[in-house]
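A look at the structure
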Amino acid sequence: FFLMIRRPPRSTQGVSSAASDVYKRQVYGQGAFDLQARAIFKEKLAKKNITIFALTNVPFICKIIEHGKSINIIGPKDHLYCASYPPEKVDQAANLISLLYYIPTFTIPNFLCITLTPSNQIIHPGRVYSVFKEWDGKTGYDPKDVPRLYDLDEDSAYEIQLLDDEIQAIKHAIVKQFPEIDLSQLMPIKERIIKQYSKQITDKSTLKTVFSTNSGYDILVFPTKKVEDGIVINVESRFFWEDIPFGLCILKNYGDVFGVPMPNTERIIKWHQKFMKVNFLDEDNSLINVELTGAPSKYGFTTKEDLVATSLRKPTPKLQKLNQLNNI
């Protein structure tokens with residue numbers, strides 16, 4: 001979902017002009033939305049006074065009850081988190097989000113806190129791998145033997161944690177090389193889920209129980225399809241075609257650029273790609289077919305500086321003056 005809001009300048013109530021602010025928003029900002037916007041708009045971001053902003057997570061989950069008539073809203077968030085580019089416009093963006101969803105919206109420092117936040121891009125692949133890792137690609141399962149999506153067992157929690165550990169390693173590598181970038185809001189997955197679903201979780205002791213006792217996740221199931229001898233995981237679902245090329249492949253690209261080993265991410269990508277008729281990693285674990293992914297390298301962003309550009313705040317006039325004095 002992509003939205004453009006044009007706000008007229010204060011001096012021209014209700015009239016748009018070249019001087020007006022333009023806000024472009026992605027509800028769910030993962031998938032390196034900021035880099036996609038940079039690749040599309042290029043220098044227009046600054047020249048047209050465009051602000052892009054997005055949320056760390058979806059405001060709620062919707063399930064259709066009757067097509068075109070009614071839905072069931074599941075697990076609405078207690079509050080939302082918003083980032084923007086330029087980062088200095090985040091307060092205005094958060095106010096717009098609050099008005100759109102009637103949910104309190106808080107600001108986070110930058111888009112890296114969205115792109116790298118541990119969410120569906122590691123939850124779904126880790127869970128799918130844990131439950132179906134012995135699947136031959138054909139044999140059906142008895143529906144009674146397929147657990148609910150978020151009723152995690154210990155192995156699923158373990159696989160998800162391994163993927164989260166690699167995200168946290170990327171975070172530490174970025175902060176080490178760019179200490180001016182604030183990634184304090186990039187929390188480990190257990191901490192993040194507790195913060196967003198606190199009132200809906202009855203047991204916060206482990207990653208497993210944070211999922212399995214979360215009422216916001218209660219009725220969610222795996223995407224499956226019927227076959228002659230039962231059901232199988234639907235390999236055409238977004239769990240494969242979004243969470244791998246626009247999730248794990250992006251994380252893998254960040255890991256490569258910042259020199260972070262990603263063995264578990266690579267292992268999970270390779271398992272999924274067996275069922276996707278396209279490879280995203282070659283035998284040497286190098287990203288391939290990047291044009292089918294959301295990896296930064298698809299847009300020509302290949303350096304550390306490229307990957308953090310939209311997360312850097314513009315220096316204040318005072319800091320600019322100090323920098324100029326230091327360079328004399």
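This part is about empty space enclosed by the protein. According to the stated counting rule, one finds three cavities of 30 Å³ or more in the structure shown. Approximately 80 Å³ is the volume found for the largest cavity. Every residue along the wall of the largest cavity is listed here: Thr56, Asn57, Tyr81, Ile108, Cys113, Thr117, Gln185, Met187, Arg192 and Gln196. Split into classes, the residues belonging to the lining of the largest cavity amount to four nonpolar, five polar and one charged.

Our next topic: a nonpolar patch on the surface. A surface patch of nonpolar side chains, about 300 Å² in accessible area, is lined by Ile64, Ile71 and Ile73. Tracing the backbone through its elements, the reader meets isoleucine 71 in strand E5 (residues 70-74). The class of isoleucine 71 is partly exposed, set by a relative accessible area of 47%.

Per-chain confidence: the protein chain averages 86 in pLDDT, with 87% of residues scoring 70 or above. Ignoring residues within four places in sequence, the model shows residues 1-20, a span with pLDDT below 50, making 37 contacts including any to other chains. Low confidence marks residues 316-328, where pLDDT is under 50. Its contacts with residues over four positions away, or in another chain, come to one contact.

Right, let's get into the packing of aromatic side chains. Counted under the stated rule, the structure contains 13 aromatic pairs. Summarising the aromatic geometry, the rings of phenylalanine 178 and phenylalanine 258 are spaced 6.4 Å apart at their centres and angled 75° between planes, so their arrangement reads as edge-to-face. With phenylalanine 178 in the loop between helix H6 (154-177) and helix H7 (189-197) and phenylalanine 258 in the loop between helix H10 (244-257) and helix H11 (263-273), this pair connects stretches of sequence that are 80 residues apart. The same class applies to phenylalanine 178 as to phenylalanine 258, namely buried.

Attention now goes to the nonpolar core. Counting residues in each nonpolar core, the largest one holds 79 residues, and the members touching the most others are Leu116, Ile122, Ile174, Phe211, Phe240, Tyr254 and Phe258. In contact with isoleucine 122, other than residues within four places in its own chain, are Ile160, Leu163, Asp164, Ile167, Ile189, Leu248 and Leu251. In this structure, Cys82, Ala93, Ile97 and Ile103 belong to the second largest nonpolar core, which totals eight residues.

The next subject is the packing of H10 against H11. Two elements in contact, H10 and H11, have axes whose closest approach is 10 Å; the angle formed by their N-to-C orientations is 150°. Taken together, the axis directions place H10 and H11 in an arrangement best described as roughly antiparallel. For the pair H10 and H11, the crossing hand works out as left-handed. Note on element contacts: H11 touches H10 through Thr265, Glu266, Ile268, Ile269 and His272, opposite Ile244, Leu248, Cys249 and Lys252.

Before going further, it helps to spend a moment on the side chain of histidine 124. Inspection of the secondary structure puts histidine 124 in helix H5 (residues 120-132). Ignoring any residue separated from it by four or fewer positions in sequence, one finds histidine 124 in contact with Leu149, Tyr150, Arg238, Phe239 and Asp243.

Calculation criteria
- Residues numbered from 1 in each chain as written.
- Predicted model: local features only at pLDDT ≥ 70, side-chain atom pairs only at ≥ 80, totals over all residues.
- Heavy atoms only, no water.
- 1 Å grid on protein atoms, 1.4 Å probe; cavity = no way out; pocket = protein on both sides within 12 Å on 5 of 7 lines; lining within 4 Å.
- Points joined across faces, edges and corners; volume = space filled by probe spheres on them.
- Nonpolar A, V, L, I, M, F, W, Y, C, P; charged D, E, K, R; others polar.
- Patch = residues over 30% accessible without salt bridge, like charges linked within 9 Å, V, L, I, M, F, W, Y side chains within 5 Å.
- Areas by Shrake-Rupley, 256 points an atom, 1.4 Å probe, with all protein chains shown as cover.
- Salt bridge = Lys/Arg side-chain N within 4 Å of Asp/Glu carboxyl O.
- Helix = DSSP H or I, 4+ residues; strand = E, 2+ residues; numbered from the N terminus.
- Buried < 20%, exposed > 50% of the residue type's maximum accessible area, 1.4 Å probe, protein only.
- pLDDT = per-residue confidence, 0-100.
- Contact = heavy atoms within 4.5 Å.
- Phe/Tyr/Trp six-rings, centres within 6.5 Å; stacked < 30°, edge-to-face > 60°.
- Core = buried A, V, L, I, M, F, W, Y, C linked by side-chain atoms within 4.5 Å.
- Axes fitted to C-alpha atoms, helices over the stretch in contact; angles between N-to-C directions.
- Parallel < 35°, antiparallel > 145°, perpendicular 65-115°, else oblique.
- Left-handed = near helix turned anticlockwise from the far one by under 90°.

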